[in-house]
Amino acid sequence: MFPNQLHSKPKTRKYGEAYLPFGFTCTSAEIDILEDPVICNVIILQTVLQEVRHRSAPVYKRLKDIIHEKEKHFYTFTNEHHRDTFIEREPGESANDRNDRAIRVAVKWYSQHLKTFESDTDGLKVVLLTNDQGNKQKAQDNGLLVYKCEEYVKSLIANPELVDRLALSSDDKSEITSSKVLFPEHFPLSRIQTGIKSGSFLQGTFRASRDNYLEATVFVQGEGEDSTEVLIQGLQNLNRAVHQDVVAVQLLPRSEWVAPSSVVLQDEGTGKDDEDAEEEEGNLRTAAAEAARKPTGKVVGVIKRNWRPFCGMLNVSQIKESTRHLFTPADRRIPRIRIETRQASTLAGQRIMVAIDGWPKDSRYPNGHFVRSLGGAGEKETEEEVLLLEHDVPHQAFSQAVLSFLPKVPWAITPEDMMKREDLRPLTVCSVDPPGCTDIDDALHCRELENGNLEVGVHIADVSHFIRPGNALDKEAANRGTTVYLCGKRIDMVPELLSSNLCSLRSNVDRLAFSCIWEINHKAEILKTRFTKSVINSKASLTYAEAQMRIDDTSKNDDITKSLRGLNKLAKILKRQRIEKGALTLSSLEVRFHMDSETHDPIDLQTKELMETNSMVEEFMLLANISVAQKIYDEFPECALLRKHPAPPPSNYDILIKAAKSKEVEVHTDSAKALADSLDAAKVDGFPYFNTLLRILATRCMMQAVYFCSGMDSDFHHYGLASPIYTHFTSPIRRYADIIVHRLLAVAIGADTTYPDLMDKHKQSALCNNLNYRHKMSQYAQRASVAFHTQLFFKSRGILNEEGFILFVRKNAIIVLIPKFGLEGTVFFDSKDKVSPNIVFEEEGPTLSVEQHKFHIFDKVKVTISLDDSNIQHQKIRMALIEPVIPGVSVPAPDTETPAKKQKLDR
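Residues numbered from 1 in each chain as written. Predicted model: local features only at pLDDT ≥ 70, side-chain atom pairs only at ≥ 80, totals over all residues. Heavy atoms only, no water.

(A) Looking closely at the state of the cysteines. One pass over the structure, following the stated rule, counts 0 disulfides. The cysteine cysteine 768 is free of any disulfide, with cysteine 709 supplying the nearest cysteine sulfur at 6.3 Å. (Disulfide = S-S within 2.5 Å.)

(B) Spatial organisation of the pattern of salt bridges. Within this structure, the stated rule accounts for 49 salt bridges. Aspartate 331 is the partner of arginine 210 in a salt bridge, and the nearest nitrogen-oxygen pair spans 4.0 Å. Here arginine 210, found in the loop between β5 (202-208) and β6 (215-220), pairs with aspartate 331, found in the loop between β11 (324-329) and β12 (337-340); they are 121 residues apart in sequence, far enough to count as distant. On the basis of relative accessible area, arginine 210 is assigned to the partly exposed category, the value being 46%. Given a relative accessible area of 9%, aspartate 331 falls into the buried group. Residues glutamate 802 and lysine 820 are paired through a salt bridge, measuring 3.4 Å at the closest nitrogen-oxygen approach. With glutamate 802 in strand β28 (residues 800-809) and lysine 820 in the loop between β29 (813-818) and β30 (823-828), the pair connects residues that are 18 residues apart, well separated along the chain. Looking at glutamate 802, the relative accessible area reads 15%, which means it is buried. Taken together, the shared-partner salt bridges connect Asp32, Glu35 and Arg62 into one network. (Salt bridge = Lys/Arg side-chain N within 4 Å of Asp/Glu carboxyl O. Helix = DSSP H or I, 4+ residues; strand = E, 2+ residues; numbered from the N terminus. Buried < 20%, exposed > 50% of the residue type's maximum accessible area, 1.4 Å probe, protein only.)

(C) Expanded view of unusual backbone geometry. Valine 409 connects to proline 410 through a cis peptide bond whose omega is 0 degrees. In this fold, proline 410 is placed in the loop between α14 (400-403) and α15 (415-419). Here glutamate 883 and proline 884 are connected by a cis peptide whose omega angle stands at 5 degrees. Although it is not a glycine, arginine 240 sits at a positive phi angle of roughly 70 degrees. Residue classification places arginine 240 among the buried residues on the basis of a relative accessible area of 6%. Positive phi, normally seen in glycine, also occurs at glutamate 664, with a value near 60 degrees. Within the secondary structure, glutamate 664 is located in the loop between α21 (654-662) and α22 (672-681).

(D) Geometry of the sheet that holds strand β33 (residues 853-856). Reading across the sheet, the 3 strands line up as β31-β32-β33 and stay open at both edges, with antiparallel pairing between neighbours. Both outer strands of the open sheet, β31 (839-842) and β33, are each paired with one neighbouring strand and no more. Across the sheet, the axes of successive neighbouring strands diverge by a mean angle of 20 degrees, strand direction being ignored. The sheet contact formed by β31 and strand β32 (residues 847-850) spans 4 bridges and is antiparallel. Along β32, the bridge assignment pairs valine 840 with serine 849. (Pairing = 2+ DSSP bridges. Axes fitted to C-alpha atoms, helices over the stretch in contact; angles between N-to-C directions.)

(E) View of helix α3 (residues 57-68). Between its terminal C-alpha atoms α3 stretches 16 Å, which fits the 16 Å expected from 12 residues at 1.5 Å a residue. Turning to α3, its buried residues are Val59, Tyr60, Leu63, Ile66 and Ile67. For α3, the angular spread of buried residues about the axis comes to 120 degrees, placing them on one side. Exposed and facing more than 90 degrees away from the buried side of α3 are Ala57, Pro58 and His68. (Expected span 1.5 Å × (residues − 1). Arc of directions from axis to C-beta.)

(F) Broad picture of the nonpolar core. Core analysis: the biggest nonpolar cluster contains 87 residues, and Leu498, Trp518, Leu564, Phe620, Leu641, Phe729 and Tyr736 have the highest contact counts within it. Per-element tally for this core: the top contributor is helix α24 (residues 736-748), with 10 residues. Residues contacting phenylalanine 620, with those up to four places away along its chain left out, are Leu444, Val456, Val458, Trp518, Leu567, Leu570, Ala571 and Leu574. Core analysis: the next-biggest nonpolar cluster, separate from the first, contains 53 residues, Ala659, Phe690, Phe794 and Phe805 among them. (Core = buried A, V, L, I, M, F, W, Y, C linked by side-chain atoms within 4.5 Å. Contact = heavy atoms within 4.5 Å.)

(G) Looking closely at the packing of helix α2 (residues 46-55) against α3. Following both chains from N to C, one finds α2 and α3 inclined at 145 degrees, their axes separated by 6 Å at the closest point. At the point where α2 passes α3, the crossing takes the left-handed sense. Mapping the contact onto sequence places Leu49, Val52, Arg53 and Arg55 in α2 and Ala57, Val59, Tyr60, Leu63, Lys64 and Ile67 in α3. Tallied by class, residues from the contact of α2 with α3 come to 7 nonpolar, no polar and 3 charged. (Left-handed = near helix turned anticlockwise from the far one by under 90°. Nonpolar A, V, L, I, M, F, W, Y, C, P; charged D, E, K, R; others polar.)

(H) Quick peek at the environment of glutamate 525. Take glutamate 525: it is sitting in the loop between β21 (510-520) and β22 (526-537). Glutamate 525 sits in the partly exposed class, given a relative accessible area of 39%. Expressed as a C-alpha distance, the spacing of glutamate 525 and isoleucine 573, which sit 48 residues apart in the sequence, is 9.4 Å. Other than its neighbours up to four places away in sequence, glutamate 525 contacts Glu519 and Ile520. Side chain to side chain, glutamate 525 and asparagine 521 meet in a polar contact 2.7 Å long. (Polar contact = N/O pair within 3.5 Å; in protein donor to acceptor, adjacent residues only side chain to side chain.)

Here's what the structure looks like:
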């Protein structure tokens, strides 16, 4: 039901110059209307807020955010605590009916109340908006002015686009649904709960396939490692579930179990009828029949919808004057959505946001409504906004409530601060970071002690001094979880005053720090460890390259250089010790874009080169994290926030073992130590890049490292680092986990006081879940940003030819890595446009024979690289085989001159 609203007819386009809506429940469509900039000067009843909070936490948050926007002039009226508007629930009256009556009472009171100010209100009328027919009738019987929400919005003729944000009415829905039932009825929640309890149904998270719109899996969480995945195939079995919904599934009889399909099927959505889908489902089953079968089931009900506004593009209807169109989401896992809009010609070619309203059993696609336009497809700012929204990265400007908790500027360290800290300003401390880094979390020092040992300090920005538990700044940082680094842009976890100024350990300014200081002998054995809050003054902010040059320049012998050399020497020993214990040295190609200073488009693309100084900093950050992890666990065994890296299941290594075997190299994966030793020994004569390729492949076999609360888990081991315990302490400017660890450490050494949530293992565990989610989405957003900038880079370069190596072999394609660009692409050998060559795939190798040539993993190939922008929403890098030359398959090597270079030659 739409919010019942007290309303005035507007005199200008800014609706609600004296606009008093009172709501009862808000769906996503109604909140979209309230968020529109033209709607302002609104009063929300307390009854409404309470009901919205009960019905939908996301909508409630959005409503509260609107109320906090000063320029919107939204206000709350506490009608439940007003003597003239409070009402008791009558005997036999439902809670819903009581709330409806409370709203009508408030509307009537407000109508009478405004009459006493008639000279000031200019004849203001109060209008009640409701989509509840019964409530509307009772309001009319009480003499109130009442309309349906749709009627009112359609009357606002100066802003017709508001109509697009309405959810489809039941009348509209009946016009666009099929005459026959397409999907089974969802079971009621009571039956689902009974079925889950008895074991006849399973509850899990629905995960749609990116490559096949007729296939999905449902992840069923079990105890420990007993989690299972149920395969779902076919439209009827998918039964209107949408990616990330929590669903109930019923397993099919074993005789009906199937295997995941290798067929790639995209739902084109252009008039595809049910017969087409049935035919494709038949192909799916045929393709899957030979392979190993998996538990297969069907969706019988939806327990919780996890719908959000989706980014994508409009497929404008071919029917002239039609207002009904299909929307194609950017995320291939989301089905197309039917929407109604009168702005189709304007929205064509734009990225827009659409929300789902429902999915009737007689409709091929869900119904939804237009939310807002994001800008032209392909434009840099628009695509950046899309990738942030699609990966759920909070990126709105920090609110005034958050900013109000920042320290006043000019800020200075006070005598009170100094009393609680060690003054380490005389020490030769310096920072070493990537070029252009302004959020400097860490700095280091190394000096010789009188007893001949060395003192090494890792000094970390004391962010927890500025962000106190529970305030708006702290809650915002906890929600964001991490800073997100895109190409040429940074989405900060904390406001810039902290991230790039007061917390950043810049050179030649006094800064508050949390220091971890060791006494170490020349064999890199730790003799003593202590932790202290401190004040430091960094003597230099260096890049990795600058630090490396100082170390290598024998003519330099200043204090900073001596400190760096001492650190570097110890770091090499520490690294060797870690590797001897079984720590893995894996590999992944990271790329760096060089941007045009004016257009900010990428003009060069290179893989990042790592120096000794990268490793030097990493070793001491690892050592600090391990030292702090042990300390906070010793003090707080039930509520320490730690980080673990689970060992991969043996099956993860299958592809690595096969790849090594193809080059007659043996890889042992019984333990991290066995794997590390195998990787160190893996060499192929005349193929120096083999070891790097093997390490890249090993990285793909790994599990994701996760945060957890020590009181909620028993397995603490970090597989990749071969460490029994680990945490994150060294980057509090960009990771919220580190702020919690700082607070735990501060309490442990008596430098700060505790608070209830810090000692609550359940709340810590819930926080870890959010941090893991934000960290994962941040990684995906960063990869998407690299992919988009890679597309921009190749857009102006025509077709290039480069050498690469086969990383994976598929049934109809090879996946090729181009080391020069750190780029992966797929060379397909089947095509809709021409006759496919003779292809034979062998699982055991794996190998792929194309005509007379057999491809193995790690084979060297030469390919063309170009940008396929035929689908503006899903642009991709295309590769085609040049060498080896296979008649009818390979393409000739292109002219490698770029368009810009050609123009120069022509002149």
